[in-house]
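# Residue-level structure breakdown
Below, each chain spelled out in residue letters.
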Amino acid sequence: MIAPPATLQPVAVPRHAGEVQRHPGAPAGLRSVSQFLRKKPMGAFGAVLIVLFLGLAVGAQWFAPYAYDVGNTADRLQGPTLAHPFGTDANGRDLLSRVIWGARISVTIGFGAVAISTLVAVVVGVSSGYFGGWVDLLVQRVVDVWISFPALVLLVSLVAILGPGLWSTTLVLGILLAPGTARVVRSAVIAMREQPYVESARCAGAGHVRIVRSYVLPNISAAILVLATTQLGVAVLAESTLSFLGYGVPPPFPTWGSMLSGTGRAFMLQSPWLSIWPGLAISAAVFGFNMLGDALRDVLDPRLRGR
Amino acid sequence: MSRYLIRRLVLLAPTLLGVSIVVFVLVRLLPGDAVALQLQDARASAADEAALRAGLGLDRPVYVQYVDWLATVLRGDLGHSFRSHQPVVQELANRLPVTAELGLIALVIAALVATTVGVISAVKQDTWADYAARSAAIGLLAVPGFWLGTLVVTLPSVWWHWTPPLRYVRLTEDPARNLSIVVIPAVILGLGLSGGLMRLVRTQMLEVLRQDFIRTAAAKGLAEHSVVIRHALKNAFIPALTVLGLQVAVLVSGTVVLESIFVLPGMGRYLLESVQARDYPAIQGLNLIFATVIVLTNLVVDLLYGWLDPRVRYA
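These figures come from a predicted structure and were not determined experimentally. (Residues numbered from 1 in each chain as written. Chains lettered and ligands numbered in written order. Predicted model: local features only at pLDDT ≥ 70, side-chain atom pairs only at ≥ 80, totals over all residues.)

## Structural notes on the overall build of chain B
- Looking only at helices and strands, one finds 12 helices and zero strands in chain B.
- Listing every helix and strand of chain B by position from the N terminus yields α-α-α-α-α-α-α-α-α-α-α-α.
- The principal-axis extent of the C-alpha atoms belonging to chain B is close to 85 × 60 × 35 Å.
- When burial is assessed residue by residue, chain B has 39% of its 315 residues classed as buried.
- Taking contacts inside chain B between residues at least 6 apart in sequence as the whole, the part at least 24 apart equals 72%. (Helix = DSSP H or I, 4+ residues; strand = E, 2+ residues; numbered from the N terminus. Buried ≥ 20, exposed ≤ 12 C-beta atoms within 10 Å, placed from the backbone. Contact = placed C-beta atoms within 7 Å.)

This is how it looks when you write it as structure tokens:
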């Protein structure tokens, strides 16, 4: 086999190697945060964007000036005004409010999907990499099939089967994201398996569960965290694409993707801002996750830099 | 080498078989089956429905249907579309060139943009050009293709009353007109792919440029462009090639979206239509083709990798 090139290389950093040196006087947590801000301004900017979106998502009912599903048809397709800073859509609904509520849907699906995919990937990747042999061979063939699917096909069919909705979209995206992470986890675990400290734990009589929990998982957790952050961006992007094609969370829920979808295009010709704000929101959110992921990788996992 | 190739080809079979089984079962789980959809307008009796079901072979157990389908596939036949009653092979043959053209142009654009910008960014590390290129790369990763497509279809028509040409002309009929239609979605698709690739080319270049043989090449008086392109880029591009191969799966999803926005009669749009109409043979055929393309590109990329980099050993 060819060694996996250019993808994430397994990291073999001992458990406490990456830790910031503690100085007396300042709590370690605060210190590392301030260091992060100073050394990674773009990452910090990404983090600010993410915090902003999380805030909007959690407090949508307080931040949104209007309801997302009630509009006044007399006000339809208005340009930006003081009352409606982003304008209104074809049903007279306030676009700003809809974009804010859209954050809640994107964030919920994004975090849910990544949680599912990470969980599945860790179980699959660790068992495949740790045990090796025929378990690995069998599991990897399943992962092969999983990866060889055109993503969108699987998404569209699964959503159609489960019925469109918040939870089915989350579940389906989680299933879709899992195999890629599983591959990375597997190769990291394989590198870990032969480390002297794992061997010595085995000699000392530690069982499989204990070795995985105390020696393998802590050492790949940085790689998993970095990957999960980047995948949040991928999940948000995939969710909006799915909504755009009409397979996302159904109306009247305001998803960013469906606000841009085909049926609205006729109205966009009359009021172009309809096509701008939701797209800008998607891009900003994905940009934030990518920036944060990049910076986290540099800090937590220097060997993966730039990969 | 030949042993490796045979092993890889043998491993293709279970993968494709797995994909085909999953698709076969998935389409039959879709709510609202093909027969119900075909008869929804006509006032059909239960007997008509049963007759149609038997005619399409849908009254038999799923595993019998699958074995039958597999047998026809092995004879090079993908069955007949439920909608048009034409052979699926023919339906796909009509649409494949459209999607292949779109995808290939997009790949070429992605490779060209990513290499040029990535190399400049690496050679001029930590200058404004580098910062601009890196920000652009991250920006490109964040902008969804369907948004860019929607903007291109919408905004110019609002501002300048210009819309991109939306009536498709085949490449064989009028190459110039065909290219003018395909090039816009291809650029959007290509730019979307180029972001990640650009970052990879840059880091690989930075790594290679620090190697001893680069210093030697520079020391023996070679011109800078010769060092950068003939010595460094040749080595830096190999990992990028692998990633480009992996991007083919992303490309397939991209064509589905852009073909629907730009009304191109390709396989991506056909897929969405087929799912909507529950046209089982068409969906199965499309998935088999897509999966084969993805699996074969990965194989070709792996082989190319060893050919470009003789240090890689096949085992």
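Next comes the rest of the account.
## So, the overall build of chain A
- On a plain count of helices and strands, chain A comes out with 12 helices and zero strands.
- Ordered by position in the sequence, the α and β elements of chain A form the string α-α-α-α-α-α-α-α-α-α-α-α.
- A buried classification covers 46% of the 307 residues belonging to chain A.
- Considering only contacts in chain A between residues 6 or more positions apart, those separated by 24 or more positions represent 71%.

## Overview of unusual backbone geometry
All names here are of chain B.
- Positive phi values are uncommon outside glycine, yet V263 reaches one of about 50°.
- By secondary structure assignment, the location of V263 is in the loop between α10 (224-261) and α11 (267-277).
- The partly exposed category is assigned to V263, around which 15 C-beta atoms lie within 10 Å.
- The backbone phi angle of R278 is positive, close to 55°, even though this residue is not glycine.
- The topology assignment puts R278 in the loop between α11 and α12 (280-308).

## Some details on the confidence of the model for chain A
All names here are of chain A.
- The share of residues in chain A with pLDDT of 70 or more is 79%, and the mean pLDDT across the chain is 76.
- Predicted confidence in chain A is weakest over helix α1 (residues 28-39), with a mean pLDDT of 68, and strongest over helix α4 (residues 95-131), with 87.
- Confidence drops under pLDDT 50 across residues 1-25; counting only partners more than four residues distant or on other chains, this segment forms 47 contacts. (pLDDT = per-residue confidence, 0-100.)

## What about the packing of helix α1 (residues 2-29) of chain B against helix α4 (residues 62-74) of chain B?
Residues and elements named next belong to chain B.
- In the contact formed by α1 and α4, the axes pass within 11 Å of each other and the chain directions differ by 130°. By the angle between their axes, α1 is oblique relative to α4. Along this stretch, α1 crosses α4, giving a crossing that reads as right-handed. Mapping the contact onto sequence places I21, F24, V25 and R28 in α1 and V62, Y66 and W69 in α4.
- Classifying every residue of the contact of α1 with α4 by side-chain character gives six nonpolar, no polar and one charged. (Axes fitted to C-alpha atoms, helices over the stretch in contact; angles between N-to-C directions. Parallel < 35°, antiparallel > 145°, perpendicular 65-115°, else oblique. Left-handed = near helix turned anticlockwise from the far one by under 90°. Nonpolar A, V, L, I, M, F, W, Y, C, P; charged D, E, K, R; others polar.)

## Let's talk about the interface of chain B and chain A
- On the side of chain A, 37 residues touch chain B, which itself brings 50 residues to the contact.
- At the level of secondary structure, the elements contributing two or more residues to the side of chain B that touches chain A comprise α1, α6 (128-142), α7 (145-159), α8 (175-209), α10, α11 and α12 of chain B.
- The greatest single-element share of the side of chain B that touches chain A, amounting to nine residues, is contributed by α7 of chain B.
- In terms of residue class, the side of chain B that touches chain A is made up of 37 nonpolar, 11 polar and two charged.

## Focus on α10 of chain B
All names here are of chain B.
- The end-to-end C-alpha distance of α10 is 44 Å, clearly below the 56 Å that 38 residues give at a rise of 1.5 Å each.
- The largest bend along α10 reaches roughly 50° and is located at L233.
- Looking one or two residues beyond α10, the residue adopting positive phi is V263, at roughly 50°. (Expected span 1.5 Å × (residues − 1). Bend = angle between axes of the 7 residues up to and from the residue.)

## Some thoughts on the nonpolar core
- In this structure, L155, V185 and A235 of chain A together with L197, V201 and M205 of chain B are the most contacted members of the largest nonpolar core, which totals 155 residues.
- The residues touching L197 of chain B, leaving out its near neighbours within four places in the chain, are A110, A114, A240, V243 and L244 of chain B. (Core = buried A, V, L, I, M, F, W, Y, C linked by C-beta atoms within 7 Å.)

## Notes on the packing of helix α7 (residues 166-193) of chain A against helix α9 (residues 208-244) of chain A
All names here are of chain A.
- In the contact formed by α7 and α9, the axes pass within 9 Å of each other and the chain directions differ by 150°. The angle between α7 and α9 falls in the class roughly antiparallel. Handedness of the crossing formed by α7 with α9: right-handed. Between α7, through T169, L173, L177, T181, V184, V185, A188, V189 and M192, and α9, the contact on the second element is made entirely by V216, N219, I220, A223, I224, L227, Q231, V234, A235, A238, E239 and L242.
- Here the contact of α7 with α9 is composed, by residue class, of 16 nonpolar, four polar and one charged.

## Observations concerning the environment of F244 of chain A
- When you line up the elements, F244 of chain A lands in helix α9.
- As a C-alpha pair, F244 of chain A and W256 of chain A span 12 residues in sequence and 8.1 Å in three-dimensional space.
- With residues up to four places along the chain from it excluded, the contact list for F244 of chain A reads G257, S258, L260 and S261 of chain A together with F146 of chain B.

## Structural notes on the confidence of the model for chain B
Residues and elements named next belong to chain B.
- Looking at chain B as a whole, the pLDDT averages 81, with 92% of positions reaching at least 70.
- Within chain B, helix α5 (residues 88-123) carries the highest mean pLDDT (88), whereas helix α2 (residues 34-38) carries the lowest (69).
- Predicted complex, confidence summary: ipTM 0.76, pTM 0.78.

## Concerning the environment of G87 of chain A
All names here are of chain A.
- Position of G87 among the secondary structure elements: in the loop between α3 (60-63) and α4.
- Owing to 20 C-beta atoms within 10 Å, G87 belongs among the buried residues under this scheme.
- Spatially, the C-alpha atom of G87 lies 22 Å from that of G55, the residues being 32 residues apart in sequence.

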